Amino acid sequence: MKKALVLINPQVDFCSSSGAAYIKDGGKIIQTINRLLATSIFKTVVGCQSYYPLNHKLFYTSHEGKKLYDVIEINKTQCTLLSKHCLMGEQGSEFSKDLLTGRLSAIFRKGMDSEDVIPSVFYNGTDPKLTGLSGYLKETFVKELYVAGVPFEYSVKESVLDALQLDFKVNVIIDACKSVNLKPKEEKELIKKLEQAGAVVIKSDDLLKAGMRELNEKEGIQK
């Protein structure tokens, strides 16, 4: 079964300590991701970027009287308001300078429409319409996804659930994901929800061991 590594928002604003929406220890997931990219386990690697205009509706500054992390309904979607981050054309929207970007097979951006508040990397806009990511994966015959990135409780969670609905087999590399402000109990509950939905939650070390074993077996067959 052909597989792909899907990287969600491994960007400066999330993963650099100077980032506008820095997630604690966000830089560590880049190290974990790079360990995977340094191998030949994944032939297909997709980078997904949040790419917002200044007036995006997800920013609390776009709503008078609202504060950071307030929850409101926008276009029939419950949204947690965030600070300005990953702005179009600015350094914060770029992939982390430490990420091995030379391994990326394709890049997908979302959020360019100020009304697009859907956190999933698979859908865009208020309609919602597919971003093109699922089409790309299916055109390249990918059936199994390994997901890593941030924020775990927003973009990663919704992307995993949508991928399952789109008939992909989905694995979450849990030590290559970080949440904004989940407490340990809440994170365990979210992991349980994803598992109940059909996702497999794994650690990078286990993936590396299994992946290298698979590669060695293939090389043995070829010899």
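All of these numbers come straight from a predicted model, not from anything done at the bench.

Cut-offs and rules
Residues numbered from 1 in each chain as written. Predicted model: local features only at pLDDT ≥ 70, side-chain atom pairs only at ≥ 80, totals over all residues. Heavy atoms only, no water. Salt bridge = Lys/Arg side-chain N within 4 Å of Asp/Glu carboxyl O. Buried < 20%, exposed > 50% of the residue type's maximum accessible area, 1.4 Å probe, protein only. Pairing = 2+ DSSP bridges. Helix = DSSP H or I, 4+ residues; strand = E, 2+ residues; numbered from the N terminus. Axes fitted to C-alpha atoms, helices over the stretch in contact; angles between N-to-C directions. Contact = heavy atoms within 4.5 Å. Right-handed = clockwise from strand over helix to strand, strands pointing away.

Asker: I would appreciate a short explanation of the pattern of salt bridges in the present structure.
Answerer: Two side chains carrying opposite charge are able to pair once their charged atoms lie near each other. Under the criterion given, the structure shown has eight salt bridges. Among the salt bridges present, the one from D116 reaches K110, with a minimum N-O distance of 3.1 Å. Residue D116 shares its accessibility class with K110, and that shared class is buried. Across the salt bridge formed by K169 and E144, the nearest N and O atoms sit 3.8 Å from each other.

Asker: Would you mind going over the sheet that holds strand β10 (residues 200-202) with me for this structure?
Answerer: Remark on secondary structure: sheet strands pair via backbone hydrogen bonds, oriented parallel or antiparallel. Ordered by their spatial adjacency, six strands build an open sheet running β5-β2-β1-β8-β9-β10, and the pairing between neighbours is parallel. Edge positions in the sheet fall to β5 (106-110) and β10, since each of these pairs with one other strand and no more. Pairwise comparison of adjacent strand axes, ignoring direction, gives a mean angle of 25 degrees for this sheet. Sheet strands in contact with helix α2 (residues 26-37) are β1 (3-8), β2 (44-50), β8 (144-149) and β9 (169-177), and its direction is about 130 degrees off that of β9.

Asker: Just checking my understanding: could you explain the pairing of β9 for this structure?
Answerer: Here β9 lies mainly inside the structure; seven of its nine residues are buried. Bridge count for β8 against β9 is five bridges, and the pairing is parallel. Among the inter-strand pairings, G149 is bridged to a residue of β9, identified as C177. With respect to chirality, the unit in which β8 leads through helix α4 (residues 152-165) into the neighbouring parallel β9 is right-handed. Bridge analysis of β9 against β10 gives three bridges, and the strand direction is parallel. Note that in β10 the partner of N171 across the bridge is V200. One crossover worth recording links β9 to the parallel β10 by way of helix α5 (residues 184-197), and it is right-handed.

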